[in-house]
Amino acid sequence: MGQASALIAIACVATGVTLSASLTGSADAGTIVLPKIETACSTDAECAVTSLDLVGPTACCFRCCSITPGTKRWVNEVEATCAKAAPTCAPTACGCPMPPYKPKCTAGKCVASY
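What you are looking at is a predicted structure, and each value in this text was computed from that prediction instead of being measured.

1. Points about the nonpolar core
Within the largest apolar cluster, 11 residues are counted, these being Ile32, Leu34, Ile37, Ala48, Leu52, Leu54, Cys60, Trp74, Val75, Val78 and Cys82. Per-element accounting of this core gives the leading share, four residues, to helix α2 (residues 72-85).

2. Examining the packing of aromatic side chains
Throughout the structure, instances matching the rule amount to one aromatic pair. Seen from their ring centres, Tyr101 and Tyr114 are 5.2 Å apart, and the 85° between their planes marks the pair as edge-to-face. Of the two residues, Tyr101 is situated in the loop between α2 and β5 (102-106) and Tyr114 in the segment after β6 (109-113); the sequence distance between them amounts to 13 residues. Of the residues examined, Tyr101 reaches a relative accessible area of 23% and is grouped as partly exposed.

3. Things to note about the environment of Ala85
Inspection of the secondary structure puts Ala85 in helix α2. What makes Ala85 partly exposed here is its relative accessible area of 23%. For the pair Ala85 and Val33, spaced 52 residues apart in sequence, the C-alpha to C-alpha distance is 9.3 Å.

4. Concerning α2
Under the 1.5 Å per step criterion, the end-to-end length of α2 is 20 Å for 14 residues, consistent within 8% with the ideal 20 Å. Those residues of α2 that fall on the buried side of the exposure criterion are Trp74, Val75, Val78 and Cys82. Projected down its long axis, α2 shows its buried positions confined to an angular sector of 100°, all on one face. Turned more than 90 degrees off the buried face of α2, the exposed positions are Asn76, Ala83 and Lys84. Here the buried face of α2 lies against β3 (47-50) and β4 (68-71). The first or second residue beyond α2 is Ala86, which carries a positive phi of 45°.

5. A few points about unusual backbone geometry
Trans is the common state for peptide bonds, and a negative phi is the common state for residues other than glycine. The residue Cys60 is not glycine, and still its phi comes out positive at about 75°. If you check the backbone angles, Ala107 has positive phi at about 50° while not being a glycine. You can see Ala107 is positioned in the loop between β5 and β6. Judged by relative accessible area, which is 80%, Ala107 ranks as exposed.

Cut-offs used in this document
Residues numbered from 1 in each chain as written. Predicted model: local features only at pLDDT ≥ 70, side-chain atom pairs only at ≥ 80, totals over all residues. Heavy atoms only, no water. Core = buried A, V, L, I, M, F, W, Y, C linked by side-chain atoms within 4.5 Å. Buried < 20%, exposed > 50% of the residue type's maximum accessible area, 1.4 Å probe, protein only. Helix = DSSP H or I, 4+ residues; strand = E, 2+ residues; numbered from the N terminus. Phe/Tyr/Trp six-rings, centres within 6.5 Å; stacked < 30°, edge-to-face > 60°. Expected span 1.5 Å × (residues − 1). Arc of directions from axis to C-beta. Contact = heavy atoms within 4.5 Å.

Coordinates in, geometry out; function isn't part of it.
Here's what the structure looks like:
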């Protein structure tokens, strides 16, 4: 995910809005509510990254080009919420080179660095 796309994804979840996501591919699919993003940190150990999409019809689906940093607590909560929701996700071929992103605390915020 490019820097601009990452910022868009973060902006979309920063307000704690309800994200509609297709769970079955049907028009009457359910809704996945993800927690408001948390990025405040004081050490690298407090940070993590997730490769799950956070918005749109592919919310909670793994995408190799989607990287969103946040606190470990927030990433764990997102991943647990997505595991419970169990959306039907199409298989994904990774079409972008994926550097080894590492979570890092920079200027009091969790970021993804490589």
